[in-house]
Amino acid sequence: MVMDSPLMEPLLDPNGNAPAVVATPADYAADERSTVVGKDDTDADESRNSVVASAHAEEKDDDDDVEGDEMSASMQRRLDENEVEEAEEMAARMERCLAALPGKPHESEPFTIFRVAGPMRDRNRHLYEPQMVSLGPFHAGAGRHLAAMEAHKWRYLRDLLARSSSGSATLAALARAARAMEPLARRRYAEPVPLPPRELAEMLLLDGCFVVEFFLKGEEQAEDALVDASWAMQNVYNDLFLLENQLPFFVLHRFYTIATAGTAGAADFVTGVLVNYLTVDMGAAARADAAAARPPDGEIHHLLHLYYHWFLPPEDRPSSSKSEEELFEEWASKPVDERAPWQLPPASELKDAGVTFRAKKSPRSLVDVTFDRGGGVLEIPAVESYTNHAIFANLLAYEQSRGRSELQQRLVSYVLLMASVVGAGRRDVEILQQAGVLVKGGGRGGDGEETAAFYAHLAGELCPPPEFVENCYADMFRDVREHCGRSWNRHRAVLVHDYFSNPWTSMSAAAAVFLLVLTVVQTVYTVLPYYNPG
């Protein structure tokens, strides 16, 4: 039996318990290796797990990117499809709007009834808006001051229907005519008419019959409270000739033909309007001229157009083989001072420069102003102190609404000329009054100043600047300037003004000349014997 080594004997603790195991250096080494190996394994596992997780994350990100790209592409396709669908709907909607437009492509619209330009209108609303009766769609229902006349329109319609003895002027006949004329009448207004066809046709019928019956009552001089009241007559008179308050003339003529059972034609209607209405306050001579006047060539647009044609009848112009485009280009190529001459100096300066003013006898129209180059005489038709400011302003507005073919603006040119000649000084007014150009009415000394203020307001507020006007007096302006530029004419004017302006100065000048001649003769007879004793 082998004896155990003392080193192998178990050791007992003092209490006799089992001996504690004593760790050997090998055990410590083994434990240390075990600890180190366990730590490395854990780190390796964590590293492997991190790499795997990162790989999975990258794969997941790649999958998310692919899914995001697919979703973005899908959304983009849907957006593109929606945009295409919306564009097609918009195109279809606009196509319906285009199909609803009247006329054909590149076809000019027959606009003849306009609103007055904004700035000019805003400062002078009372001149362009109706004060008593509205006609057409622009001012329908515009205020309480116009509502009272609506009842009179129905009363006048009843009176017009009662005129027909044969029964041809029935309300049904008038209604059929109004519905037939409605599409063409709508196209005459430069602004879209927001009324449906039925309502616009009813408006044309009611307003058109009112105007026709108003004319017929005035022609027959029938008793009527509206016609007999002077204040009402004047207000209706003004409202019928406002540019914004017009009805197409063919509407009035059609209703007039139905009311008279076709016994009167367009010429009779035009002549009746001119003689019995437009010239009612202009005297017998004006009515005789209106009776002899012929209707304008071509279509009559409306009552204001008819008034303008009578007020300023067309003048005979030399025929030209050039087209309107060529004439316009030729006019536009001229220098500004020749294309749109500036205004003339006032009457006092022109008189000092040798120009003589004279009232023109038998003028063809109000704008028939001429200048005699040989005698230096500027002849202007006599004008009275105007009180109907509204009609004059609307004639100016109508002239400026015409097309490019009407290059010359005759009434605008006349207003600019009168405003410059009348000037702002009392001497200018007195010169024109003495010449008979400005007529005093009823002995009122202030008429000249009122007329000067009238033309100054028209030129300053209601006319375009002179440089934008095709002035019909361009040649005359050049002749006047040339005449005033000659020194002899100016010296002669000073001589006449200083020495021959009245009989006393004339006698004094004649006596001075006579004494000068006697002095020269006496000097000659005194000197002659000295040089010729025999």
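Predicted, not measured: the structure shown is a model, and the values here were computed from it. (Residues numbered from 1 in each chain as written. Predicted model: local features only at pLDDT ≥ 70, side-chain atom pairs only at ≥ 80, totals over all residues. Heavy atoms only, no water.)

Novice: Just to check I follow, could you spell out the sheet that holds strand 2 (residues 370–372) for this structure?
Specialist: Paired through their backbone hydrogen bonds, the strands of a sheet run either parallel or antiparallel. Strand order in the open sheet formed by 3 strands is 1-3-2, with mixed pairing between adjacent strands. Each having just a single partner strand, strand 1 (356–360) and strand 2 make up the two edges of the open sheet. Going from strand to strand, the sheet's axes swing by 30 degrees on average, the running direction of each strand aside. (Pairing = 2+ DSSP bridges. Helix = DSSP H or I, 4+ residues; strand = E, 2+ residues; numbered from the N terminus. Axes fitted to C-alpha atoms, helices over the stretch in contact; angles between N-to-C directions.)

Novice: Is there a simple way to explain the side chain of Ser420 in this structure?
Specialist: Note that Ser420 resides in helix 17 (residues 410–422). Ignoring any residue separated from it by four or fewer positions in sequence, one finds Ser420 in contact with Gln343, Leu344, Pro345 and Pro346. (Contact = heavy atoms within 4.5 Å.)

Novice: I tried to follow the side chain of Asp207 on my own but got confused; where do I start?
Specialist: Structurally, the position occupied by Asp207 is in helix 6 (residues 197–220). Using a relative accessible area of 4% as the deciding quantity, one classes Asp207 as buried. A polar atom in the side chain of Asp207 sits 3.0 Å from the backbone nitrogen of Gly136. (Buried < 20%, exposed > 50% of the residue type's maximum accessible area, 1.4 Å probe, protein only. Polar contact = N/O pair within 3.5 Å; in protein donor to acceptor, adjacent residues only side chain to side chain.)

Novice: Help me out: how do you make sense of the pattern of salt bridges in this one?
Specialist: Side-chain pairing between opposite charges can occur once the charged atoms of the two side chains come close. Evaluation of the coordinates by the stated rule reveals 23 salt bridges. The closest approach of N and O atoms between Glu213 and Lys217, which form a salt bridge, is 3.3 Å. You can see Glu213 and its partner Lys217 sitting in helix 6, 4 residues apart, about one turn around the helix. As far as burial versus exposure is concerned, Glu213 and Lys217 are alike and both buried. Taken together, the salt bridges that share partners define one network made up of Arg115, Arg121, Asp122, Arg125, Glu129, Glu191 and Glu244. (Salt bridge = Lys/Arg side-chain N within 4 Å of Asp/Glu carboxyl O.)

Novice: Is there a simple way to explain helix 18 (residues 426–435) in this structure?
Specialist: Side chains three or four residues apart in an α-helix point the same way, a direct result of the helix having 3.6 residues per turn. Every buried residue of helix 18 is listed here: Asp428, Val429, Ile431, Leu432 and Gln433. One or two steps after helix 18, the chain reaches Gly436, where phi turns positive at roughly 85 degrees.

Novice: Would you mind going over a negative patch on the surface with me for this structure?
Specialist: A cluster of acidic side chains, namely Asp80, Glu81, Glu83, Glu85, Glu86, Glu88 and Glu89, defines a negative patch on the protein surface. With respect to the helices and strands, Glu81 occurs in helix 1 (residues 25–100). (Patch = residues over 30% accessible without salt bridge, like charges linked within 9 Å, V, L, I, M, F, W, Y side chains within 5 Å. Areas by Shrake-Rupley, 256 points an atom, 1.4 Å probe, with all protein chains shown as cover. Lys, Arg positive; Asp, Glu negative; His and termini not counted. Charge placed at Lys NZ, Arg CZ, Asp CG, Glu CD.)

From the geometry alone we can't say anything about function, so treat these as descriptive.
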